Amino acid sequence: MPGGARAARRISPNLALDQLVAERQARGERITHLGFGESRLPVFPPLAERLAAGASRNAYGPVAGDPGVRAAVAGYFARRGLETDPAQVIVAPGSKALLLALQLVEPGDVFLPAPCWVTYQPQATLAGKRAFGVPVPAHCGGVPEPGALRTAVRAARAAGHHPRLVVLTLPDNPTGTLAPPRTVREVCAVAEEEDLLVVSDEIYRDILHESAPPFLSPAEVVPERTIVVTGLSKSLALGGWRIGVARFPAGPAGERLCADVASVASEVWSTLAGPMQAVAEYAFAEPPELLERLRRDAHLHGAVAGAVHDIVIAAGAECRQPTGGFYVYPDFGPVRDRLAGKGIVDGESLQRHLIEESGIAVLAGVHFGDAPDALRFRAATSMLYGRTRDEQRAAQEAEKPLELPHIADSLAAIRRGFTALTAG
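The chain is annotated in an unreviewed UniProt entry as Aminotransferase of Streptomyces parvus. According to UniProt, the comment filed for the chain under the heading Cofactor (unreviewed entry) is "pyridoxal 5'-phosphate".

Dropping the structure here:
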């Protein structure tokens, strides 16, 4: 993976880009923001009510979480085919914290899909690990290609490294795709053969599009060696509230790992804030009104991501059809010669050109572990739902969100930008 130790000492590139866009917008520039993986939607009112009701919960509370919220999370997983005891659960201020704690407590090196979320590799560096990027299959992202993973693990071991973890993202950031069950089973078979722990990042699990393949968690395939991490930042647009959870395997090995992560928690974040535990207990219990909200939001995410996918395809890019989350990951390699005439020779120059010439902010693929010369980037389509809460609520409620004027205008701006990008 690129960047080495220096990558862990810089502001995360997606956060840095979001700050840059905010500064330019504050100066009055019109920027179509596709660069930050945040769901720009209003807080679901019952969640705000639970937050207010929990405001008096100002004591620290148990490190792993109060019994009520851990039971709610256990029920959430059980409804997805993963019988779970509350003792297998830890709640935390965001899934990022849990992912880093796992890297800190489990010795050995880590294997990542390439491309992958920008945070995995810097966290491995912070934990003193070596991170190895493994190409993803042609049909999806979020998982290493199984055969390539086996080869990479054995090569690393032969070179004196210590393979131990493999991270999967289901559905994926940055490609917006969900690995089908067969691929998940093949990756899990390699994990068993090579004695790897599987970290399954399922924070986008509840944002599946109508076109998505069936969801299969690695915890259903290799339960004794899979840790599942998820949270409410993406599915319920609560990124700023920082609510994450981890589910550990049953049995002695899982109990040890859970205890080790709880030990890190006790020294780093102490506990999830009490008011947020009140929110999490309600959300993970999944009352009917919240499930309806999730259904509507998933419909919106799928519609807008699909529209942006169609635009980049029409502009000459190759791009996987998004099936989950709110991302597309186009490859403008097929028009490389045309772009070279405009001084665009790699992902960074493509990112610069789009914001400077078309006012479109994207994040270059190199930040996700892609090759520096790849003409790929991630576009986060969830930023297109509106500038105001009224526009965002209208997007949530619309059966045909692409017909709303503010979304149609944003898509038109994107179409103009990409058409100009590849024009001769």
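So that's the structure; there's more coming.
Glancing now at unusual backbone geometry. With an omega of 10°, the peptide bond running from Ala114 to Pro115 counts as cis. Following Leu170, the chain continues into Pro171 via a peptide bond in cis, with omega recorded as -15°. Looking at the element boundaries, Pro171 is found in the loop between strand S5 (163-169) and helix H8 (181-193). For Ala237, which is not glycine, the phi dihedral falls at a positive 55°. Here Ala237 lies in the loop between strand S7 (226-231) and strand S8 (244-247). By relative accessible area, which is 15% here, Ala237 ends up buried. The phi dihedral of Arg242 falls on the positive side, at around 60°, and the residue is not glycine. Tracing the backbone through its elements, the reader meets Arg242 in the loop between S7 and S8. The class for Arg242 is partly exposed, based on a relative accessible area of 31%.

This part covers the side chain of Ser233. Inspection of the secondary structure assignment puts Ser233 in the loop between S7 and S8. In this structure, Ser233 is in contact with Ile203, Leu238, Gly239 and Arg242, ignoring residues within four places of it in sequence.

This brings us to the nonpolar core. In this structure, Phe332, Leu339, Leu350, Leu354, Phe377, Phe418 and Leu421 are the most contacted members of the largest nonpolar core, which totals 42 residues. Where this core is concerned, the elements lending two or more residues are helix H12 (288-314), strand S9 (327-328), helix H14 (347-357), strand S12 (377-380) and helix H16 (405-422). If one sorts the elements of this core by residue count, H12 sits on top with six residues. Excluding residues within four positions of it along the chain, Phe418 makes contact with Ile311, Val312, Ala315, Phe332, Leu354 and Phe377.

A separate point is the layout of surface pockets. Of the volumes computed, that of the largest pocket is approximately 920 Å³. Lining the largest pocket are 44 residues, and of these Phe36, Glu38, Ser39, Arg40 and Met383 sit closest to its centre. Of all elements in the fold, only helix H2 (13-26), strand S1 (32-33), helix H5 (95-105), helix H15 (389-397) and H16 reach the threshold of two or more residues within the lining of the largest pocket. Residue composition of the lining of the largest pocket, grouped by class: 15 nonpolar, 17 polar and twelve charged. Three or more residues apiece are contributed to the lining of the largest pocket by two domains, here domain 1 (13-39 + 289-422) and domain 2 (46-286).

Turning our attention to H5. Among the eleven residues that make up H5, eight are buried, leaving the element largely enclosed by the rest of the structure. Taken together, the buried positions of H5 are Ser95, Ala97, Leu98, Leu99, Ala101, Leu102, Gln103 and Val105.

Right, let's get into the sheet that holds strand S6 (residues 197-201). Overall, mixed pairing links the seven strands, which are arranged S2-S8-S7-S6-S5-S3-S4 in an open sheet. If you trace the sheet from one side to the other, it starts and ends with strand S2 (89-92) and strand S4 (131-135), each paired once. Taken over all neighbouring pairs, the strand axes of this sheet differ in orientation by 20° on average, direction set aside. Relative to S5, strand S3 (residues 109-114) runs parallel, the two sharing three bridges. Across the sheet, the residue bridging to Phe111 is Val166, located in S5. Against the sheet, helix H4 (residues 67-78) contacts S2, S7 and S8, and its axis sits at roughly 115° relative to S2.

Bringing the sheet that holds S9 into the picture now. The strand order across the open sheet built from three strands is S9-S12-S11, with neighbouring strands paired in antiparallel fashion. Bordering the open sheet on either side are S9 and strand S11 (363-364), each of which pairs with just one other strand. Where S11 and S12 come together, two bridges link them in antiparallel fashion. Each bridged residue has a counterpart across the sheet, and for Ala364 the counterpart in S12 is Phe377.

Cut-off values and rules
Residues numbered from 1 in each chain as written. Predicted model: local features only at pLDDT ≥ 70, side-chain atom pairs only at ≥ 80, totals over all residues. Heavy atoms only, no water. UniProt positions renumbered as here; feature names shortened; annotations may be inferred. Helix = DSSP H or I, 4+ residues; strand = E, 2+ residues; numbered from the N terminus. Buried < 20%, exposed > 50% of the residue type's maximum accessible area, 1.4 Å probe, protein only. Contact = heavy atoms within 4.5 Å. Core = buried A, V, L, I, M, F, W, Y, C linked by side-chain atoms within 4.5 Å. 1 Å grid on protein atoms, 1.4 Å probe; cavity = no way out; pocket = protein on both sides within 12 Å on 5 of 7 lines; lining within 4 Å. Points joined across faces, edges and corners; volume = space filled by probe spheres on them. Nonpolar A, V, L, I, M, F, W, Y, C, P; charged D, E, K, R; others polar. Domains from an automatic or database assignment. Pairing = 2+ DSSP bridges. Axes fitted to C-alpha atoms, helices over the stretch in contact; angles between N-to-C directions.

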